[in-house]
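Observations on the three-dimensional arrangement
This is what each chain is made of:
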Amino acid sequence: MSKHTTRTFPSDFTWGSATAAYQIEGAAREGGRGPSIWDTYSHTPGRTLNGDTGDVADDHYHRWQEDIAHMKELVLDAYRFSISWPRVQPGGRGEFNPEGIAFYQQLVAGLLEAGIKPVVTLYHWDLPQELEDEGGWTNRETAYLFAEYARKMAQELGSDIDVWTTLNEPWCSAYLGYASGVHAPGRTEPLAALQAVHHLNLAHGLAGRAIREVLGESTKVSITLNLHVTRMLDPENAGDRDALRRIDGVANRVFLQPLLEGAYPADVMQDTAGITDWSFVLEGDTDLIHIPLDVLGVNYYSTGMVREATEGQGGSDNDGHGNSSHSPWVGSEHVEWVKMPGPYTAMGWNIDPAGMTELLVSLRDSYPQQPLMVTENGAAFYDTVTDDGRVHDVERVAYLHDHIAAVLDAREAGVDVRGYFAWSLLDNFEWGWGYDRRFGIIRVDYETLERIWKDSAFWYRTLARTNVLPAPDAVEYVEQPTAG
Ligand code: IFM
């Protein structure tokens, strides 16, 4: 046994796990579901690794009962999942699809029966394709349609939902979808990305208001952001300080400020003046966006570092992980990313638990009254099933242990962080990386769709059951639920 001091979370701390519809559901052409931008994108040759698509994914659409049994055995307090907009409203406007709505109603009923709180995300990137054909998130109309979809979900799922999260990681939807094009819809237009930023922010405000109109002002509304913990190479260098300011602006403040303060950052508008005059922000929009958030969802995986661009490097393809040929960093032509030291996960992302504490503490410093929730954290590794039939994912257990300890550090520094959701419950479709990158605490065999608990699942179960952070080597095996 390793040396380990006992560290405890309060009994009301929420332990959960998270997934997203397109990544796990499959049944892409069943139950009246319409096509989403991710169906189109993943079926376009060359867009995803190995041409993988979400057509079958984890087949959660048919195996949701088994998946709830896993969550119950994991002793989870909450499950964060997303609703597929094109499953419940195939064209994104007009008629709703009762079969799609019934799917989520039965899922929610099943969770409640298992004593698990449903935490819903209304948009985790699967825009109905018909709306993209009309401009997608560059079109203001999409924000209004999103609010109508949110209203309908509030009417249909009602007070059974613990937290209503409007959007997951609008940074990815806007910049990866419309600037670097490594996510659906695969566009590479900086102006479109900024329009998308604003219309996503607006969609959040309108949807949150619609949900509270239906269910009452005390209904818990949230949004999840993937805030970027970025450092600068040389704090003494004015160019490096400016590089950090720019990245913090387009990555973080362009969301945080309208959401939590009701205004766009003036410096971001200035940095992007060559692209747009921001006339798509209409009078009153920022007031609409600025609604009380019961919790702010925070997704954290790794850190980055920037410096002032050296000759010819600015606005390069480098997203900190070298993933795109077009830059997502709109308005940041003077910025160069510095490779972070390892260790790295299978995504090539550096492992830096201190960044988790830093992020939570900095949010508290900027917004002291805002409760927080870690809605995603986890790691992809190339797991293998060993002869004993188990997956000894030692690296993932260490990653979870160290990051959860970092959450505890933030709590001990007085940060009001109320819960933690491991990404992800199951191995799943990792967007452009297809099924190659495995984030699950439960392994999915993509041939048989069998679920196999990894050591990280057993470890996380002990934590959720006891509220005491187990040592990384304290893996307690129990019988895992079987299918059927
Ligand atoms: O799989 C994604 C998820 O959909 C959104 N947040 C990051 C995860 C890992 O890349």
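Use the structure listed above.
In this report, the structure presented in the accompanying data block is examined.

Parameters at a glance
- Residues numbered from 1 in each chain as written.
- Predicted model: local features only at pLDDT ≥ 70, side-chain atom pairs only at ≥ 80, totals over all residues.
- Heavy atoms only, no water.
- Pairing = 2+ DSSP bridges.
- Helix = DSSP H or I, 4+ residues; strand = E, 2+ residues; numbered from the N terminus.
- Axes fitted to C-alpha atoms, helices over the stretch in contact; angles between N-to-C directions.
- Contact = heavy atoms within 4.5 Å.
- 1 Å grid on protein atoms, 1.4 Å probe; cavity = no way out; pocket = protein on both sides within 12 Å on 5 of 7 lines; lining within 4 Å.
- Points joined across faces, edges and corners; volume = space filled by probe spheres on them.
- Expected span 1.5 Å × (residues − 1).
- Buried < 20%, exposed > 50% of the residue type's maximum accessible area, 1.4 Å probe, protein only.
- Polar contact = N/O pair within 3.5 Å; in protein donor to acceptor, adjacent residues only side chain to side chain.
- Phe/Tyr/Trp six-rings, centres within 6.5 Å; stacked < 30°, edge-to-face > 60°.
- Lys NZ or Arg CZ within 6 Å of the ring centre and 35° of its normal.
- Near = heavy atom within 4 Å.
- Areas by Shrake-Rupley, 256 points an atom, 1.4 Å probe, with all protein chains shown as cover.
- Nonpolar A, V, L, I, M, F, W, Y, C, P; charged D, E, K, R; others polar.

1. Things to note about the sheet that holds strand 8 (residues 303–308)
- Overall, mixed pairing links the three strands, which are arranged 6-8-9 in an open sheet. A single partner strand is all that each edge strand has here, and the edge strands are strand 6 (229–232) and strand 9 (335–338). The sheet shows a mean angle of 40° between the axes of neighbouring strands, taken without regard to direction.
- As paired elements, strand 6 and strand 8 share four bridges and run parallel to each other. In the strand pairing of strand 8, Thr230 is matched with Gly304.
- Contacts from helix 10 (residues 238–261) reach strand 6, strand 8 and strand 9 within the one sheet, and its direction differs from that of strand 8 by about 130°.
- Set on the sheet, helix 13 (residues 353–366) makes contact with strand 6 and strand 8; between it and strand 6 the angle comes to about 100°.

2. Description of empty space enclosed by the protein
- Per the counting criterion, the structure on display carries four cavities of 30 Å³ or more.
- The space that makes up the largest cavity amounts to roughly 50 Å³.
- Surrounding the largest cavity, Ile37, Trp38, Tyr123, Trp125, Trp137, Cys172, Ser173, His183, Ala184 and Pro185 form its lining.
- Elements with a contribution of two residues or more to the lining of the largest cavity: helix 2 (37–42) and helix 8 (170–178).

3. Some remarks on helix 15 (residues 455–466)
- The terminal C-alpha atoms of helix 15 lie 17 Å apart, and with 12 residues this matches the ideal 16 Å at 1.5 Å per residue to within 8%.
- Among the 12 residues that make up helix 15, 10 are buried, leaving the element largely enclosed by the rest of the structure.
- All buried positions along helix 15 are accounted for by Asp455, Ser456, Ala457, Phe458, Trp459, Tyr460, Arg461, Thr462, Leu463 and Ala464.
- The inward-facing, buried residues of helix 15 abut strand 1 (14–18), helix 3 (60–73), helix 14 (394–412), strand 11 (417–423), strand 12 (442–444) and strand 13 (451–453).
- The positive-phi residue at the C-terminal boundary of helix 15 is Asn467, with phi of around 65°.

4. Quick notes on the sheet that holds strand 1
- Pairing within the closed barrel is parallel, and its eight strands lie in the order 1-2-3-4-5-7-10-11. Between one strand axis and the next, the sheet turns by 25° as a mean value, whatever way the strands run.
- Inspection of the sheet shows strand 1 paired to strand 11 by five bridges, in the parallel sense. What sits directly across from Ser17, in strand 11, is Ala422.

5. Things to note about the pairing of strand 7 (residues 295–299)
- For strand 7, the tally of buried residues reaches five of five residues, placing the bulk of the element in the interior.
- Across the two faces of strand 7 the burial is the same, with Val295, Gly297 and Asn299 and Leu296 and Val298 all buried.
- The pairing of strand 5 (residues 221–225) with strand 7 spans four bridges and is parallel. Paired with Ile223 across the bridge in strand 7 is Leu296.

6. A short note on the side chain of Thr357
- Position of Thr357 relative to the elements: it lies in helix 13.
- Residue Thr357 is classed as buried on the basis of its relative accessible area, which comes to 17%.
- One polar contact links the side chain of Thr357 to the main-chain carbonyl oxygen of Ala406, over a distance of 3.0 Å.
- If near-sequence neighbours (up to four positions away) are discounted, Thr357 is found in contact with Ala406, Asp409 and Ala410.

7. Some words on the packing of aromatic side chains
- Considering all chains together, one arrives at 35 aromatic pairs under this definition.
- Ring centres of Tyr420 and Tyr460 lie 6.3 Å apart, and the angle between their planes is 50°; on these two criteria the pair is classed as tilted. Note that Tyr420 is positioned in strand 11 and Tyr460 in helix 15, a separation of 40 residues in sequence.
- For Tyr420, a relative accessible area of 1% translates into the label buried.
- Here Phe429 and Trp431 contribute two aromatic rings whose centre-to-centre distance is 6.0 Å and whose plane-to-plane angle is 75°, an arrangement assigned as edge-to-face. In this pair, the class of Phe429 matches that of Trp431, namely buried.
- By way of ring pairs, the aromatic residues Tyr22, Trp38, Tyr41, Trp125, Phe429, Trp431, Tyr435 and Tyr446 are connected into one cluster.
- Here the guanidinium or amino end of Arg87 rests over the ring plane of Phe103, the centre of that ring lying 6.0 Å away.
- The ring of Trp433 carries Arg437 above its face, with NZ or CZ at 4.0 Å from the centroid.

8. As for the site of the ligand
- For the ligand, the full set of nearby residues is Gln23, His124, Trp125, Asn168, Glu169, Tyr301, Trp349, Glu376, Trp423, Glu430, Trp431 and Phe439.
- Taking Trp423, its side chain carries an N or O atom lying 3.3 Å from an oxygen atom of the ligand.
- In the model, an oxygen atom of the ligand is placed 2.8 Å from a nitrogen or oxygen of the Trp431 side chain.
- Here the ligand, which alone exposes 280 Å², has 95% of that area covered by the protein.
- Residues of the shell around the ligand, tallied by class, amount to six nonpolar, three polar and three charged.

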